[in-house]
Amino acid sequence: MAETDFPGWHGTTIIGVRKGDKVVIAGDGQVSLGQTVIKGSARKVRKLSPGGFDVVAGFAGSTADAFTLLERLEKKLEAMPGQLARASVELAKDWRTDKYLQKLEAMLIVTDGKELLVITGAGDVLEPEHDVAAIGSGGNFALAAARGLIDSDLDAEGVARKAMAIAADICVYTNGNLTVEEISK
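Residues numbered from 1 in each chain as written. Predicted model: local features only at pLDDT ≥ 70, side-chain atom pairs only at ≥ 80, totals over all residues. Heavy atoms only, no water.

Asks: Honestly, the packing of helix α1 (residues 63–79) against helix α2 (residues 84–97) in this entry has me stumped. Any pointers?
Replies: A pair of packed helices is characterised by two quantities: the angle between their axes and the separation of those axes. Running from N to C, α1 and α2 cross one another at 130 degrees; their axes reach a closest spacing of 9 Å. The pairing of α1 with α2 is recorded here as oblique in orientation. Note on packing geometry: the crossing formed by α1 with α2 is right-handed. Counted together, Leu69, Arg72, Leu73, Lys76 and Leu77 of α1 and Leu84, Ala87, Ser88, Glu90, Leu91, Asp94 and Trp95 of α2 form the full contact between these two elements. Its residues assigned to classes, the contact of α1 with α2 comprises seven nonpolar, one polar and four charged. (Axes fitted to C-alpha atoms, helices over the stretch in contact; angles between N-to-C directions. Helix = DSSP H or I, 4+ residues; strand = E, 2+ residues; numbered from the N terminus. Parallel < 35°, antiparallel > 145°, perpendicular 65-115°, else oblique. Left-handed = near helix turned anticlockwise from the far one by under 90°. Contact = heavy atoms within 4.5 Å. Nonpolar A, V, L, I, M, F, W, Y, C, P; charged D, E, K, R; others polar.)

Given below as structure tokens:
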């Protein structure tokens, strides 16, 4: 099959919501190849504890690439315990300048309960406005839904779950099989 004929991997919606003293990262379980669902129960949200400090991370994109980035982030956090923003900037710098890392196709949402950050291969470390971040195939749908729900009576997990349900109803590359991790300040 010619490279231009490859249908491409799709799937993954990850959302991070901060409300009150809690931050939740939720991710769906769908991985699709073209029009075919390959797996519906992938786990794309993880809790890490490098250097004894809890961090929750969600990833969109290539799984192998994301695991490489998560390993690199863990090493940065072990070298800089409790400094998520600094470790994230160092990871983004490496990702942008290292010839091997430049080829990685993934994005991360990370939180330590205080900070909520999106890390991209373009060298960006973004702290989202409105306490909501989303990435992946259905990310824009989930982001819009969560921003509309953020001022409701729902807690952070409720906003994330409802936003993901809305995204799953709209985006064919998103399902309702969620992994949810919560962390407090």
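Picking up where we left off.
Asks: Any chance you could explain the side chain of Glu181 here in plain terms?
Replies: Within the secondary structure, Glu181 sits in strand β12 (residues 179–184). Judged by relative accessible area, Glu181 falls into the buried class, the value being 16%. A polar atom in the side chain of Glu181 sits 3.0 Å from the side chain of Arg43. (Buried < 20%, exposed > 50% of the residue type's maximum accessible area, 1.4 Å probe, protein only. Polar contact = N/O pair within 3.5 Å; in protein donor to acceptor, adjacent residues only side chain to side chain.)

Asks: Explain helix α3 (residues 139–149) to me, please; I cannot follow it from the model alone.
Replies: Three or four residues apart is the spacing at which side chains of an α-helix point the same way, because the helix has 3.6 residues per turn. Considered for burial, the residues of α3 that qualify are Gly139, Ala142, Ala145, Ala146 and Leu149. Buried residues of α3 fall within an arc of 135 degrees about the axis and therefore sit on the same side. Along α3, exposed side chains directed more than 90 degrees from the buried face belong to Asn140, Ala144 and Gly148. The elements touched by buried residues of α3 are β2 (13–19), β11 (132–136) and α4 (156–170). (Arc of directions from axis to C-beta.)

Asks: Where do I start with the environment of Ala156 in this structure?
Replies: With respect to the secondary-structure elements, Ala156 resides in helix α4. A residue is classified by how much of its surface remains accessible, and Ala156, at 2% relative accessible area, is buried. Considering only alpha carbons, one finds Ala156 and Ile25, 131 residues apart in sequence, at a separation of 9.1 Å. In this view, Ala156 contacts Val17, Lys19, Lys22 and Val24; residues no more than four positions away in its chain are not counted.

Asks: Even after reading the chapter, I still don't get the layout of surface pockets, so can you show me in this structure?
Replies: Taking a probe equal in size to a water molecule and rolling it over the atoms shows the remaining empty space. Here the second largest pocket defines a volume of roughly 170 Å³. Residue lining of the second largest pocket: 14 residues in total, with Pro128, Val132, Ala133, Ala134 and Leu143 positioned closest to the centre. Of all elements in the fold, only β11 and α3 reach the threshold of two or more residues within the lining of the second largest pocket. Among the elements that take part in the lining of the second largest pocket, β11 stands out by supplying four residues, more than any other. Partitioning the lining of the second largest pocket into residue classes produces nine nonpolar, three polar and two charged. (1 Å grid on protein atoms, 1.4 Å probe; cavity = no way out; pocket = protein on both sides within 12 Å on 5 of 7 lines; lining within 4 Å. Points joined across faces, edges and corners; volume = space filled by probe spheres on them.)

Asks: Sorry if this is basic, but what is going on with the pairing of β11 here?
Replies: A regular strand places its side chains so that they alternate between the two faces of the sheet. Burial of β11 is extensive: four of the five residues sit out of reach of the surface. With five bridges connecting them, β2 and β11 associate as antiparallel partners. Residue pairing for β11: Val17 is matched across the bridge by Val132. (Pairing = 2+ DSSP bridges.)

Asks: What exactly am I supposed to notice about the sheet that holds strand β6 (residues 45–48) here?
Replies: Adjacent strands of a sheet form backbone hydrogen bonds with each other and so pair up, either parallel or antiparallel. Read from one edge to the other, the open sheet built from five strands follows the order β6-β7-β8-β9-β10, with strand pairing classed as antiparallel. Bordering the open sheet on either side are β6 and β10 (125–126), each of which pairs with just one other strand. Bridge count for β6 against strand β7 (residues 55–61) is four bridges, and the pairing is antiparallel. Looking across to β7, one finds that Val45 is bridged to Gly58. Sheet strands in contact with α2 are β7, β8 (106–111), β9 (116–119) and β10, and its direction is about 5 degrees off that of β9.

These figures come from the coordinates and say nothing about function on their own.
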